[in-house]
Amino acid sequence: MPNGHGFYHWLNLCLWFKKTTMPEGPSIVILKEAVSPFKGEKIIEASGNTKVLDASALAGQVIKDFKSWGKHFLICLPDFTIRIHFMLFGSYRINEHTERPARLHFQFANGELNFYACSVKVITQPLDELYDWTGDVLNPNWDAKRAIKKIKEKPALLACDALMDQQIFSGVGNIIKNEVLFRARIHPLSLVNKLPPKKLKELVTEAVNYSYDFLEWKKEFTLKKHWLAHTKQICPRDHVPFHRGNLGKTHRRSFYCPLCQVLYE
Ligand SMILES: [Zn+2]
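Scope of this entry: the structure provided in the associated data block. Everything numeric in this text was worked out from a predicted model, so none of it was measured. (Residues numbered from 1 in each chain as written. Predicted model: local features only at pLDDT ≥ 70, side-chain atom pairs only at ≥ 80, totals over all residues. Heavy atoms only, no water.)

### A closer look at the sheet that holds strand S1 (residues 45-47)
Counted only if it meets this: Here, strands pair whenever DSSP counts at least two bridges between them. Strands here mean DSSP runs of E at least two residues long; helices mean DSSP runs of H or I at least four residues long; both are numbered from the N terminus. Axis lines are fitted to C-alpha atoms, over the contacting stretch for helices. Their N-to-C directions set the angle, which ranges from 0 to 180 degrees.
One open sheet holds the 4 strands; their spatial order is S1-S6-S7-S5, and the pairing between them is antiparallel. Edge positions in the sheet fall to S1 and strand S5 (91-94), since each has one partner strand and no second. Each strand axis lies, on average, 10 degrees off the axis of its neighbour in the sheet, ignoring direction. Where strand S6 (residues 104-108) lies against strand S7 (residues 111-116), 5 bridges are found, and the strand directions are antiparallel. Residue pairing for S7: Gln107 is matched across the bridge by Glu112.

See below:
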């Protein structure tokens with residue numbers, strides 16, 4: 001995988017060809033809910049082509065819990081945690097499988113769980129030491145005031161990069177970013193330290209509100225239908241063409257209205 005600028009160019013090419021985006025936090029929450037019948041279940045058999053652990057050795061262990069932190073999906077076992085990140089091409093199947101070899105396959109008495117083409121990592125550290133749960137927009141421990149504090153510590157940050165910063169808004173991805181900036185009428189290239197306090201608060205509030213809307217709409221299969229800015233041509237407020245560009249440090253696709261989204265600089 002290339003680094004720095006090259007990485008984002010490569011990322012955008014991949015996203016372009018795949019015509020989709022990486023899963024965002026709400027999609028991982030949906031996965032966590034979908035696999036809940038396996039919580040407390042014993043792994044009868046496990047396999048997979050992951051190189052980070054001997055999958056077959058997982059047999060006999062009991063799933064303690066499933067957790068998520070933003071885009072990280074966490075399988076909690078008695079002695080360690082398996083972290084799944086779907087990156088660009090990862091996917092999963094519950095109680096069914098594909099022809100492709102699974103990166104990780106779990107067989108339980110009540111069903112099967114399969115992960116494909118994802119990144120797998122073993123975490124031995126206590127999760128509370130590793131993860132700031134107050135930074136996950138969909139976590140009950142989310143702390144808006146702390147998010148504002150973190151933003152103020154990085155005054156040179158652009159609004160589009162702030163939303164994509166997983167240490168501030170864990171779980172926010174490109175769709176949520178575009179929709180939140182449109183809702184809050186903030187130009188993606190605005191400097192966060194130039195946002196009036198009320199606007200900054202609105203940005204933080206809408207990042208959470210939209211994430212919950214995303215979750216609900218995704219469950220109803222109506223997410224795309226509700227997009228107002230992401231991938232759209234015309235601003236529904238002003239009926240002028242949206243501008244688009246790979247903006248900010250993250251170089252991810254931005255769709256924004258030059259009239260109603262104010263540039264704070
Ligand atoms: Zn507009």
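### Some thoughts on the coordination of the zinc ion
Inclusion rule: Note that water is not among the atoms used; donors are N, O and S atoms within 2.8 Å of the metal (3.2 Å for Na, K and Ca), so sites may look incomplete. When four donors show all angles between 85 and 135 degrees the site is tetrahedral, when four or six donors have opposite pairs over 155 degrees and all other angles between 65 and 115 it is square planar or octahedral respectively, and in every other case it is irregular. Partly exposed describes any residue whose relative accessible area lies between the buried limit of under 20% and the exposed limit of over 50%, with all areas from a 1.4 Å probe on protein chains only and scaled to the type maximum.
Within the first shell, the zinc ion binds the protein through Cys235 (SG), Asp238 (OD), Cys257 (SG) and Cys260 (SG), at distances of 1.8 to 2.3 Å. What the 4 donor atoms of the zinc ion show is an angle range of 103 to 116 degrees at the metal, which sorts the shape as tetrahedral. Sequence spacing of the donors to the zinc ion: C-x2-D-x18-C-x2-C. Placement of the pair is Cys235 in the loop between helix H7 (197-219) and strand S9 (243-247) and Cys257 in the segment after strand S10 (252-256), with a sequence separation of 22 residues. Each of the two residues, Cys235 as well as Cys257, counts as buried.

### What about the nonpolar core?
Note the threshold: The nonpolar core is taken to be a set of buried Ala, Val, Leu, Ile, Met, Phe, Trp, Tyr and Cys residues, with the residues joined through side-chain atoms within 4.5 Å. Contacts are residue-level and defined by heavy atoms, with any inter-residue pair within 4.5 Å sufficient.
In this structure, Leu163, Phe169, Ile186, Leu203 and Tyr210 are the most contacted members of the largest nonpolar core, which totals 38 residues. Mapped by element, the contributors of at least two residues to this core are helix H2 (25-34), helix H4 (144-152), helix H5 (159-164), helix H6 (174-183) and H7. If near-sequence neighbours (up to four positions away) are discounted, Leu203 is found in contact with Leu163, Val180, Leu181, Ile186 and Leu195. Judged by nonpolar contacts, the second largest core, of 25 residues, contains Phe66, Leu77, Ile82 and Phe108.

### Description of the packing of aromatic side chains
Here is the rule: What counts as a ring pair is set by centres within 6.5 Å for rings of Phe, Tyr and Trp (its six-membered ring), and what kind of pair is set by the plane angle: stacked under 30 degrees, edge-to-face over 60, tilted for all other angles.
Summed over all chains, the structure comprises 12 aromatic pairs. Their ring planes at 80 degrees and their centres at 6.5 Å tell us that Tyr210 and Phe214 sit as a pair that is edge-to-face. Here the residue Tyr210 and the residue Phe214 both occupy positions in helix H7, the gap between them amounting to 4 residues, near one helical turn. In this pair, the class of Tyr210 matches that of Phe214, namely buried.

### Points about the pairing of S10
Of all 5 residues making up S10, 4 are buried, and the element is well covered by its neighbours. Two strands pair when backbone bridges link them, and S9 and S10 are joined in this way by 5 bridges, in the antiparallel orientation. If you follow Arg244 over to S10, its bridge partner there is Phe255. Linkage of S9 to S10, two consecutive antiparallel strands, is achieved through a turn of 4 residues, within which Gly248 is found at a positive phi near 75 degrees.

### Here we look at the pattern of salt bridges
Going by this rule: Only one rule defines a salt bridge in this text: a Lys or Arg side-chain nitrogen within 4 Å of an Asp or Glu carboxyl oxygen.
Applying the stated rule across the entire model yields 11 salt bridges. Among the ionic pairs, Lys154 bridges to Asp165, the shortest N-O distance being 2.7 Å. Placement of Lys154 in the loop between H4 and H5 and of Asp165 in the loop between H5 and H6 is noted, with a sequence separation of 11 residues between them. Looking at Lys154, the relative accessible area reads 37%, which means it is partly exposed.

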